[in-house]
Amino acid sequence: NAGVMQNPRHLVRRRGQEARLRCSPMKGHSHVYWYRQLPEEGLKFMVYLQKENIIDESGMPKERFSAEFPKEGPSILRIQQVVRGDSAAYFCASSEQGDQPQHFGDGTRLSIL
Amino acid sequence: KNQVEQSPQSLIILEGKNCTLQCNYTVSPFSNLRWYKQDTGRGPVSLTIMTFSENTKSNGRYTATLDADTKQSSLHITASQLSDSASYICVVRISGGYNKLIFGAGTRLAVHP
């Protein structure tokens, strides 16, 4: 049983480029959560999606950030026109139902030059 | 404001020694509290989960306590091993609705030989 898979594990972008982070949930899980972790800080909630629907995006910046979880394929966190402050580790978690425990992937470390 | 605070921020102990990590939270309404272990470069992995009515829960050499009155929790690690070197994160789930989690910043533990 594969766990939550995130790719790429490391991503380097120049300021102004776009970053796409992918998350494949555990088999049978239809709920996906994205978190951001800055150095020396705890994980901060960004967005919660259930297949094809955004349930809660209260933690996601309104500009430049978007997330989707299509019917087929992985969930995508997209950051447009990246800035230095976007450098962080981005973690994805999935759960079978909305009230079930979340299982985490190993994250994507985004570095902005 | 929902918050989880952990102390100490970092800790160094010798192999074989015990240690206790602290967590204070102001999260309401409270559902449960988990301790996670996060190895460098990896995602968080759940160690213990405690609900409102539970005072103590053990998982091998890890023992978590919860005082719901004072809103404090601790994680005690017995007979530490080099592999215990990691960040330990206290996470509180908000009751009601979906799986909304509030993360502490973690305690970074280093076990030296």
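Report on the accompanying structure.

Rules of the game
Residues numbered from 1 in each chain as written. Chains lettered and ligands numbered in written order. Predicted model: local features only at pLDDT ≥ 70, side-chain atom pairs only at ≥ 80, totals over all residues. Heavy atoms only, no water. Contact = heavy atoms within 4.5 Å. Buried area = accessible area lost by both parts, 1.4 Å probe. Salt bridge = Lys/Arg side-chain N within 4 Å of Asp/Glu carboxyl O. Polar contact = N/O pair within 3.5 Å; in protein donor to acceptor, adjacent residues only side chain to side chain. Helix = DSSP H or I, 4+ residues; strand = E, 2+ residues; numbered from the N terminus. Nonpolar A, V, L, I, M, F, W, Y, C, P; charged D, E, K, R; others polar. Core = buried A, V, L, I, M, F, W, Y, C linked by side-chain atoms within 4.5 Å. Buried < 20%, exposed > 50% of the residue type's maximum accessible area, 1.4 Å probe, protein only. Pairing = 2+ DSSP bridges. Axes fitted to C-alpha atoms, helices over the stretch in contact; angles between N-to-C directions. Disulfide = S-S within 2.5 Å.

A few points about the interface of chain A and chain B
Part 1 of the reasoning: Tallying the contact residues gives 23 residues for chain A and 17 residues for chain B.
Part 2 of the reasoning: Taken over both partners, the interface formed by chain A and chain B buries close to 1600 Å², and the fraction arising from carbon and sulfur atoms is 46%.
Part 3 of the reasoning: On the chain A side of the contact with chain B, A:E40, A:L43 and A:F104 bury the most area, a combined 29% of that side's loss.
Part 4 of the reasoning: On the surface where chain A and chain B come into contact, there are 3 salt bridges.
Part 5 of the reasoning: One salt bridge in this structure joins B:R108 and A:E40, with 3.0 Å as the shortest N-O distance.
Part 6 of the reasoning: Here chain A is connected to chain B by 6 residue pairs in polar contact (both at pLDDT 80 or more).
Part 7 of the reasoning: Only β4 (31-37), β5 (43-50) and β9 (88-95) of chain A provide two or more residues apiece to the side of chain A that touches chain B.
Part 8 of the reasoning: The residue inventory of the side of chain A that touches chain B, partitioned by class, reads 8 nonpolar, 8 polar and 7 charged.

A short note on the nonpolar core
Part 1 of the reasoning: In this structure, B:V4, B:Y25, B:L33, B:W35, B:L75 and B:Y88 are the most contacted members of the largest nonpolar core, which totals 26 residues.
Part 2 of the reasoning: Within the residue set of this core, elements represented by two or more residues are β3 (19-26), β4 (30-38), β5 (45-51), β7 (62-67), β8 (72-77), β9 (86-94) and β11 (107-112) of chain B.
Part 3 of the reasoning: No other element matches the 5 residues that β9(B) contributes to this core.
Part 4 of the reasoning: Excluding residues within four positions of it along the chain, B:L75 makes contact with B:C19, B:T20, B:L21, B:W35, B:L47, B:Y62, B:T63, B:A64 and B:Y88.
Part 5 of the reasoning: Counting 23 residues, the second largest nonpolar core, distinct from the first, contains A:M26, A:F65, A:Y90 and A:I112.

Examining the sheet that holds β8(B)
Residue and element names in this part refer to chain B.
Part 1 of the reasoning: Strands sit in the order β1-β3-β8-β7-β6 across an open sheet of 5 strands; the sheet is antiparallel. Each end of this open sheet is capped by a strand with a single partner; those strands are β1 (3-7) and β6 (56-59). Across this sheet, the average inter-strand angle for adjacent strands is 15°, counted without regard to direction.
Part 2 of the reasoning: Strand direction decides the pairing type here: β6 and β7, joined by 4 bridges, are antiparallel. Across the sheet, residue K57 finds its bridge partner in β7, namely A64.

Structural notes on the pairing of β4(B)
All names here are of chain B.
Part 1 of the reasoning: Most of β4 sits inside the fold, with 8 of its 9 residues counted as buried.
Part 2 of the reasoning: Relative to β9, β4 runs antiparallel, the two being bridged by 8 bridges. Looking across to β9, one finds that Q38 is bridged to S87.
Part 3 of the reasoning: In this structure, β4 lies alongside β5, joined through 6 bridges in antiparallel fashion. Bridged to Y36 within β5 is S46.
Part 4 of the reasoning: If you look at the hairpin formed by β4 and β5, you'll find 6 residues sitting between the two strands, and G41 has a positive phi there, around 80°.

Considering the state of the cysteines
Part 1 of the reasoning: Applying the stated criterion to the full structure yields 2 disulfides over all chains.
Part 2 of the reasoning: Here A:C23 is linked by a disulfide to A:C92, with a sulfur-sulfur distance of 1.8 Å. Classification of the bridge connecting A:C23 and A:C92 rests on its S-S torsion, roughly -55°, and on that basis the disulfide is left-handed. Of the two residues, A:C23 is situated in strand β3 (residues 19-24) and A:C92 in strand β9; the sequence distance between them amounts to 69 residues.
Part 3 of the reasoning: Overall, the relative accessible area of 0% leaves A:C92 in the buried class.
Part 4 of the reasoning: Residue B:C23 pairs covalently with B:C90 via a disulfide, S to S 2.0 Å. Every disulfide takes its handedness from the sign of the S-S torsion; for B:C23 and B:C90 that torsion is -65°, giving left-handed. On the criterion of sequence distance, the pair formed by B:C23 in strand β3 and B:C90 in strand β9 is long-range, its members being 67 residues apart.
Part 5 of the reasoning: By relative accessible area, which is 0% here, B:C23 ends up buried.
Part 6 of the reasoning: Owing to a relative accessible area of 0%, B:C90 belongs among the buried residues under this scheme.
Part 7 of the reasoning: Left unpaired, B:C19 is separated from the closest cysteine sulfur, that of B:C90, by 15 Å.

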